[in-house]
Amino acid sequence: MDRLSAAARLMIVSDLDHTMVDHHDAENLSLLRFNALWEAHYRRDSLLVFSTGRSPTLYKQLRKEKPMLTPDITIMSVGTEITYGDAMVPDNGWVEVLNQKWDKKIVTEEASRFPELKLQSETEQRPHKVSFYVDKDKAQTVTQKLSEIFKNRGLDVKIIYSGGMDLDILPQGAGKGQALAYLLRKFKSEGKVPTNTLVCGDSGNDAELFSIPEVYGVMVSNAQEELLQWHAANAKNNPKITHATERCAAGIIQAIGHFKLGPSTSPRDIKDESDGEVKSIDLGHEVVKLYLFYERWRRAEIDNSEIYLSSLKANCCPSGFCVPPSGGEISLAEAINQFRKCYGDKQGKQFRVRRGHVQLSPSS
Ligand code: GLC
Ligand code: MG
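For the protein, an unreviewed UniProt entry supplies the name Sucrose-phosphatase 2 and the organism Citrus sinensis.

Here's what the structure looks like:
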């Protein structure tokens, strides 16, 4: 991961469904609060890693449905696929590691003998992941029987039960925890181990993340029984793991504050600039402030005053530009001129900018 020339100040490794993304929050408020915090205070010198059970297909679908940031690293299919950057360049070294003692054909063949197991959709069957649904009361017995069979056939596999319904079969060396350990080894070889790492999760396939040495961990308030049970049995006395009292992304923000890993007040929560915890000028923070202003302007929560617009223009880099959602580039001054046309058009509505991706850069 070459974006940062030095070790990351903070690396967040977060699960998506029911951790970063709250499917019960139609407004996506906690996610938007996290995004604003990240863009304002962390993007420049920290790393965001998403670690999801979803395949690339379902991950891309979620990105269309929810206002998610683009992470630096994406780990998909329960730690079996690692990609880098916006272009999602795959880590082929990881694939080599996973090929050891793995035979997908045998796994599928043996598992198909169990009527309790219902195969998940085709998109969720991946080169190093075979996934089923199974009822909660049958999960343990099936897991035990399968482990025995695979052992007898010379395979070293890992079986993970998540969300009270999903059963994944992976190579033993795979999983979210192993994928993170692999990344940390890579960072170490480059002399860039993040100063702090915070892992975030809610269900069974996240448990491994919490057993990686040195990392901080947050189980969000809405964590599943299987993760809480794992914690009670394996990590109860680890002071670096906390069970948040807030749901999903709000729980992640809470943990950043709890472990004192850096700023933990989202710009979205600051109504009055004077009581913000930020004193320094940071470009990311300025961008977030610009889009928060834009939201309030369109909701007519501030006066329709030319003074605001001229002051905004005066504070912008003359050669700065922004990329509107429709594509292309327009100068910042022109973008601000266009504010006039849309004052108050979202009055009384819950209008929020979905992505804070205003790009500021000299046009040279
Ligand atoms: C995601 C995946 C699914 C997997 C589950 C638990 O929902 O789509 O295949 O079983 O995570 O890891
Ligand atoms: Mg989850």
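Now, onward.
Coordination of the magnesium ion (ligand 2) by the protein comes from D15 (OD), D17 (O) and D202 (OD), over a distance range of 2.1 to 2.3 Å. Positions of the donor residues of the magnesium ion (ligand 2), expressed as sequence spacing, correspond to D-x1-D-x184-D. In this pair, D17 is assigned in the loop between β1 (10-14) and α1 (29-41) and D202 in the loop between β10 (196-201) and β11 (216-219), connecting sequence segments 185 residues apart. Each member of the pair, D17 as well as D202, carries the same accessibility label: buried.

It is worth spelling out the site of ligand 1 at this point. Around ligand 1 sit G53, R54, L58, V78, Q120, E124, K129, S131, S162, D166, D168 and N205, and those are all the residues in its vicinity. Here E124 contributes a side-chain N or O atom positioned 2.6 Å from an oxygen atom of ligand 1. N205 is positioned such that a nitrogen or oxygen atom in its side chain is 2.7 Å from an oxygen atom of ligand 1. Look at ligand 1: alone it shows 310 Å² of surface, and the protein chains cover 86% of it. Its residues assigned to classes, the shell around ligand 1 shows two nonpolar, five polar and five charged.

Take the sheet that holds strand β6 (residues 118-119) next. Sheet architecture is open: four strands sit in the order β6-β7-β9-β8, paired in antiparallel fashion. Two strands close off the open sheet at either side, each with one partner strand: β6 and β8 (157-162). Pairing between strand β7 (residues 130-133) and strand β9 (residues 166-171): four bridges, direction antiparallel. Each bridged residue has a counterpart across the sheet, and for Y133 the counterpart in β9 is D166.

In this model, S77 sits at a positive phi of 50°, which is unusual for a non-glycine residue. By the secondary structure assignment, S77 is in the loop between β3 (73-76) and β4 (81-84). The exposure class of S77 is buried, given its relative accessible area of 0%. Backbone geometry places C248, a non-glycine residue, at a positive phi of 40°. Among the residues examined, C248 registers a relative accessible area of 0% and is labelled buried.

Of all six residues in β9, five are buried, a share of seventy percent or more. In textbook terms, the turn of a hairpin is the stretch between consecutive antiparallel strands, and for β8 and β9 this stretch comprises three residues, one of which, G163, has a positive phi near 60°.

Strand order in the open sheet made by the eight strands is β5-β4-β3-β2-β1-β10-β11-β12, with mixed pairing throughout. The open sheet has two edge strands, β5 (89-90) and β12 (241-243), and neither has a second partner. Pairing between β1 and strand β2 (residues 47-51): four bridges, direction parallel. Among the inter-strand pairings, I12 is bridged to a residue of β2, identified as L48.

Here we take up the nonpolar core. Side chains of nonpolar character tend, in soluble globular proteins, to be buried together. Core analysis: the largest hydrophobic core is formed by 34 residues, its most contacted members being M11, I73, I82 and L180. The biggest single contributor to this core is helix α6 (residues 176-189), with seven residues. Core analysis: the second largest hydrophobic core is formed by 29 residues, L16, L62, A244 and F259 among them.

Inspection of helix α7 (residues 225-234) places E226, L227 and H231 among the buried residues, and these make up the whole buried set. Projected down its long axis, α7 shows its buried positions confined to an angular sector of 140°, all on one face.

About the criteria used
Residues numbered from 1 in each chain as written. Chains lettered and ligands numbered in written order. Predicted model: local features only at pLDDT ≥ 70, side-chain atom pairs only at ≥ 80, totals over all residues. Heavy atoms only, no water. Donors = N, O, S within 2.8 Å, 3.2 Å for Na, K, Ca; no water. Helix = DSSP H or I, 4+ residues; strand = E, 2+ residues; numbered from the N terminus. Buried < 20%, exposed > 50% of the residue type's maximum accessible area, 1.4 Å probe, protein only. Near = heavy atom within 4 Å. Polar contact = N/O pair within 3.5 Å; in protein donor to acceptor, adjacent residues only side chain to side chain. Areas by Shrake-Rupley, 256 points an atom, 1.4 Å probe, with all protein chains shown as cover. Nonpolar A, V, L, I, M, F, W, Y, C, P; charged D, E, K, R; others polar. Pairing = 2+ DSSP bridges. Core = buried A, V, L, I, M, F, W, Y, C linked by side-chain atoms within 4.5 Å. Arc of directions from axis to C-beta.

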